Number of protein chains: 2
Amino acid sequence: MKDEAVTAGQSGGASSAEGHDPAKEKSVAPAAPAGAGPVPPTASASAAPGTRRPGGRTARTRAAVRDAVLSGLADHGYPGLTVEYVADHSGVHKTTLYRRWGGLEGMVADALEMAGEDTWTPPDTGSLEGDLRELAREVVESFSDEATAAAPTAFVAAAFQSARAADALHAYYAERFGRCEAVVERAVERGEAPPDTDAAALVRAVSAPLLLRVFITREPVDAALADQAAAAAVAATRAGAFERR
Amino acid sequence: MKDEAVTAGQSGGASSAEGHDPAKEKSVAPAAPAGAGPVPPTASASAAPGTRRPGGRTARTRAAVRDAVLSGLADHGYPGLTVEYVADHSGVHKTTLYRRWGGLEGMVADALEMAGEDTWTPPDTGSLEGDLRELAREVVESFSDEATAAAPTAFVAAAFQSARAADALHAYYAERFGRCEAVVERAVERGEAPPDTDAAALVRAVSAPLLLRVFITREPVDAALADQAAAAAVAATRAGAFERR
């Protein structure tokens, strides 16, 4: 799979082998591959071992609502998501949903916040290029099948329609790319990058050509493109193009 | 304006000083600044002098429908766009709209196709870095005010909800980035880039960090970031990171 081109889903919210079966909705999703990279993970990721907030009825309710929101976004997109759908698929009463989340925007924002609560850390291969290549390949792999691509796609789409979803997406990526900066700090310590390298810009530069193709130009991405993005970012770093001015 | 940070619109379809006034809708929009760069131009761009297909009743009808689609997308987003809205704002009868465009998806796709019919050409400053910097700055400038940002934002959002809009967006960017490749061809001729440079990857690498921030992470972009993207792409090119393998 790693070396096959992945064509971006042509209409974001249309994946749907699952989602209309309430019984299935309430089951615990299988654990996602470790490290979903700097894109929002699918529902399963934060149900995986290692999640920060286990147990408790409140936590279970929150997770059930999050799972219902994700499957609704994947199946119908933000415009088709309704409080009824979330109630039906989470088993949580509508009045509870309104009381605790205010409405759909609050539920979507909370689902994104939970997506940021995993224990993912960036790769540590011993070299800047190795780390960036792994990071880029994680992005490609997360879009290599519809099941893992559906939630991040739905979140990015929702941000176009809801200011609150856009704020949550902004916060999600800021935190996620923030974690990736460890890769740059280690490279500076090893002397692989100038000390005043703009880590935020560098880690975004690696994902940018991939996410551009997935979400905007709708072109395929593959491992070769991931490696190219990593190599380009390393070369630019060495040349000082990411030094802070 | 050039050096001020531009914050990406938090909810894509919400700009709307105009749009609900049919009289205003039918007036000719003021000409856009020449060269909207590798992002879909606003309605006004292809009404500007130099457009390939002037005149004719059919062309005028098509342009009126395109303008109505753009203002509808900007005001309501794809989910809120209706054939009634387009009919009201274009002055074209609903039955004509259905007969000629099949429906909303056809109208949106046609509007994007028209966006690709301008005479924009990439900058030719005499150096690769100069050309890429101008290209990147054009992208930043096109998102520096809501009026010019609305249409491209609406198109990117529509692609998440309509497979046909996604296809049209894909075709738009393929053609637009194709034009940008002239910049790389000239650089190769001048000996500034290796002969087997992957021009398609290089021109995408320049826009990618900007469009990532505008459409995905919802972060501000500015001229300094444009220059950084250009410098990074040039350094990567010189180091051979974009050489075809």
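Up top is the structure these notes are about.
Residues numbered from 1 in each chain as written. Chains lettered and ligands numbered in written order. Predicted model: local features only at pLDDT ≥ 70, side-chain atom pairs only at ≥ 80, totals over all residues. Heavy atoms only, no water.

1. Description of the relation of the copies chain B and chain A
What relates the pair of chain copies is a rotation about an axis plus a shift along that axis. The condition is simple: Here the copies are matched by least squares. The fit uses the C-alpha atoms of residues with pLDDT of at least 70 in both. Residue contacts are counted whenever heavy atoms from the two residues lie within 4.5 Å of one another.
Expressed as a screw operation, the relation of chain B to chain A combines 0.0 Å of axial shift with a rotation of 180 degrees, fitting to an RMSD of 0.0 Å. The two molecules are tied by a two-fold rotation axis, judged by turn and shift. A share of 100% of the interface residues of chain B reappears at the interface of chain A, consistent with the copies meeting face to face through the same patch.

2. A look at the interface of chain B and chain A
For clarity, the threshold we go by: By convention, the term buried area covers the 1.4 Å-probe accessible surface removed from two parts as they join, with the contributions of both added. What makes a salt bridge here is a side-chain nitrogen of Lys or Arg within 4 Å of a carboxyl oxygen of Asp or Glu, nothing more. Polar contact criterion, stated in full: a pair of N or O atoms within 3.5 Å, where within protein one must be able to donate a hydrogen and the other to accept it, and residues adjacent in sequence count only if both atoms are side-chain atoms. Helix numbers and strand numbers start at the N terminus; a helix is a DSSP run of H or I with at least 4 residues, a strand a run of E with at least 2. Lys, Arg, Asp and Glu make up the charged group, whereas Ala, Val, Leu, Ile, Met, Phe, Trp, Tyr, Cys and Pro make up the nonpolar group; the residues left over, Gly among them, are polar.
The interface is formed by 41 residues belonging to chain B together with 41 residues belonging to chain A. For the pair chain B and chain A, the two sides together bury roughly 3500 Å², of which 66% comes from carbon and sulfur. Three residues, F160, I216 and Q228 of chain B, lead the burial of chain B against chain A; their summed loss comes to 21% of the area buried on that side. For the pair chain B and chain A, the number of links is two salt bridges. Notably, a salt bridge pairs E219 of chain A with R204 of chain B, separated by 2.9 Å at the nearest N-O pair. The tally of links from chain B across to chain A stands at seven residue pairs in polar contact (both at pLDDT 80 or more). For the side of chain B that touches chain A, the elements supplying multiple residues, two or more each, are α8 (146-161), α9 (163-189), α10 (199-217) and α11 (223-238) of chain B. Considering each element in turn, the side of chain B that touches chain A owes the most residues, eleven residues, to α10 of chain B. Within the side of chain B that touches chain A, the residues separate by chemical class into 25 nonpolar, ten polar and six charged.

3. Observations regarding the packing of aromatic side chains
Put simply, the rule reads: By convention, a stacked pair of Phe, Tyr or Trp rings (six-membered ring in the case of Trp) has centres within 6.5 Å and planes under 30 degrees apart, an edge-to-face pair has planes over 60 apart, and any other such pair is tilted. Each residue is placed in one exposure class: buried if its accessible area under a 1.4 Å probe, protein chains only, is under 20% of its type's maximum, exposed if it is over 50%, and partly exposed if it falls in between. Two limits define a charge over a ring: the Lys NZ or Arg CZ must be within 6 Å of the ring centre, and within 35 degrees of the ring normal.
Counted under the stated rule, the structure contains nine aromatic pairs over all chains. Between F143 of chain B and F215 of chain B, the aromatic rings sit 5.3 Å apart at their centres with planes inclined by 90 degrees, giving edge-to-face as the arrangement. A residue pair is termed long-range when its members are at least 10 positions apart, and F143 of chain B in the loop between α7 (128-142) and α8 and F215 of chain B in helix α10 qualify at 72 residues. Note on accessibility: F143 of chain B and F215 of chain B belong to one class, buried. Centroid distance Y173 of chain B to F177 of chain B: 5.8 Å. Interplanar angle 25 degrees. Geometry classified as stacked. With Y173 of chain B and F177 of chain B both in helix α9 and four residues apart, the pair spans about one turn of that helix. Each member of the pair, Y173 of chain B together with F177 of chain B, is buried. What links up through ring pairs into an aromatic cluster is the set F143, F160 and F215 of chain A together with F143, F160 and F215 of chain B. Directly above the aromatic system of F160 of chain B lies the positively charged group of R218 of chain A, at a separation of 4.4 Å from the ring centroid.

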